[in-house]
Amino acid sequence: MSVATPERTQQTQQQFEIRPFDAPLGAEILGLDLNLPVSDPELARIRSALVQHGVVVFRDQRITPEQHIDFSRRFGPLQVHVLNRFHLAGHPEILIVSNVVEDGKPIGLVDAGADWHSDLSYMPRPSLGALLHSQELPAEQGDTLYANTAAAWDSLPAALKTLLDGKRAVHSYVYRYERLRKLSPWRAPLTQQQIDEVPPVEHPVVITHPESGRKILFVSEGFTSHIVGIPRDESDALLKELHAHITRPANVYTHHWQAHDLVFWDNRSTQHYAAITPQHLRRTLYRTTVEGNVPR
């Protein structure tokens, strides 16, 4: 009597390496091809690396916008940016980040990284993380800097930790937009509808990462307008001190972009900054943003 051979249903596993950078945060993922299926165990391994390292870099990913969106959605619902003029045509989940100007108009968000920030911290449910895929890179400049906000909390003086205990801060998209609009002539005034979509929100100054359990400084120079319950001048001085502590060189990883890099960063435990690249050095990237939890 013959015995039937069970059908093989398990996906072939990709062999990839996670190699930490010699930096305060970040790791690169080598040998993974996002054109191929990514199994649930592989996805769990990637997510664990993101939580551990704050930034993970997938090298040489020649993927379509559809594949970019599909992979991003594996980590959670995607958030659509309020500046709909810079959505990729047919793909509102993708925000174009670019300094390229065509017919006198920018094709993407020119100054997306013009100050230190955590993406969408102005939302009731800020971003879990963002995935930025390089499309066109300049031969020089165009780097992105990332700061470790978990390590920043760990290294904060005890007196400051006590002072910040229980404090809350206001995060506002309009606050940042209007400040940048004074510096960027291309930024048109927000419509009332856009303003209504992003009212200011309050979040704790110190949050707990929902996956690692680490405490994190959750304020940024980009979106945090003030700390609630203290005079504005004291708030300004305290925020300035915290920003300087978060972004000190010993706490920062600088990403030098390579062709077809896909960079995934944890917005809960990092901040990032990218100086505006001069227009003659063309730089275009596509970004998706994964929704996170209410900060606690």
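Our structure is the block above this text.
Here the structure is a predicted model, which is why all the values come from computation and not from measurement.

> For this particular structure, what's the right way to read the overall build of the chain?
Across its full length, the chain carries 7 helices and 18 strands. At 20 Å, the chain has a C-alpha radius of gyration in line with the 19 Å of a compact globule built from 296 residues. Across its three principal axes, the chain shows a C-alpha extent of roughly 85 × 55 × 35 Å. Here the chain holds 296 residues, and 52% of them are scored as buried. Expressed as a percentage of contacts within the chain between residues at least 6 apart in sequence, the contacts between residues at least 24 apart total 80%. In the structure as shown, the chain presents an accessible area of about 14200 Å², 52% of it carried by carbon and sulfur atoms. Averaging the locations of the 29 positively and 34 negatively charged side chains of the chain gives two centres separated by 3 Å.

> I keep staring at the packing of aromatic side chains and nothing clicks. Help me out?
Counted according to the given criterion, the structure contains 11 aromatic pairs. On the numbers, 5.6 Å between centres and 85° between planes, the contact of phenylalanine 58 with phenylalanine 71 is edge-to-face. In this pair, phenylalanine 58 is assigned in strand S3 (residues 55-58) and phenylalanine 71 in helix H2 (residues 65-73), connecting sequence segments 13 residues apart. Accessibility assignment for this pair places phenylalanine 58 and phenylalanine 71 in one class, buried. Ring plane angle 40° and centroid distance 5.8 Å describe the contact between tyrosine 173 and tyrosine 177, whose orientation is recorded as tilted.

> Can you walk me through the sheet that holds strand S10 (residues 168-171) in this structure?
Think of a sheet as strands paired side by side through backbone hydrogen bonds, with each pair either parallel or antiparallel. Spatially, 3 strands are ordered S11-S10-S14 in an open sheet, and the strand pairing comes out antiparallel. Every interior strand has two partners, whereas the edge strands, strand S11 (201-204) and strand S14 (224-227), have only one. Shown here is a sheet whose adjacent strand axes are inclined to one another by a mean of 30°, direction ignored. In the sheet, S10 pairs with S14 via 3 bridges, with the strands oriented antiparallel. The partner of alanine 169 across the bridge, within S14, is isoleucine 227.

> How do you make sense of the sheet that holds strand S16 (residues 262-266) when you look at a structure like this?
One open sheet accounts for 8 strands, arranged S1-S2-S3-S16-S8-S18-S5-S4; its pairing is mixed. Each edge of the open sheet carries a strand with a single partner, namely strand S1 (17-20) and strand S4 (87-88). Sheet strands in contact with H2 are S3, S4, strand S5 (91-98), strand S8 (127-136), S16 and strand S18 (284-291), and its direction is about 110° off that of S5.

How each quantity is defined
Every chain begins its residue count from 1, and numbering advances along the sequence as written. Since the coordinates come from a predicted model, pLDDT governs what is reported: local features require at least 70, and pairs of side-chain atoms require 80 or more to be given and counted, while whole-chain, interface and lining totals use all residues. To get the side-chain values, all heavy atoms of the structure are used, and hydrogens and water are removed first. The helix count covers DSSP runs of H or I at least four residues long, the strand count covers runs of E at least two residues long, and both are numbered beginning at the N terminus. With C-alpha atoms as the basis for the radius of gyration, the globule rule is written as 2.2 Å multiplied by the number of residues raised to the power 0.38. Under the scheme applied here, a residue whose accessible area is under 20% of the maximum for its type counts as buried, over 50% as exposed, and between as partly exposed, the area being computed with a 1.4 Å probe on protein chains only. Any two residues whose heavy atoms approach within 4.5 Å are treated as being in contact. The protein chains shown are the only cover counted for residues, whose accessible areas, like all others here, come from Shrake-Rupley with a 1.4 Å probe. Within this scheme the basic residues Lys and Arg register as positive and the acidic residues Asp and Glu register as negative, but His and the chain ends are omitted. By convention, the point assigned to a charge is CZ for Arg, NZ for Lys, CD for Glu and CG for Asp. The rule is short: rings of Phe, Tyr and Trp, with Trp giving its six-membered ring, pair when the centres are within 6.5 Å, and they are stacked under 30 degrees, edge-to-face over 60, tilted in between. Strands pair, by our definition, only if DSSP identifies at least two bridges between them. Helix axes are fitted only over the stretch in contact, all axes being lines through C-alpha atoms; the angle between N-to-C directions runs from 0 to 180 degrees.

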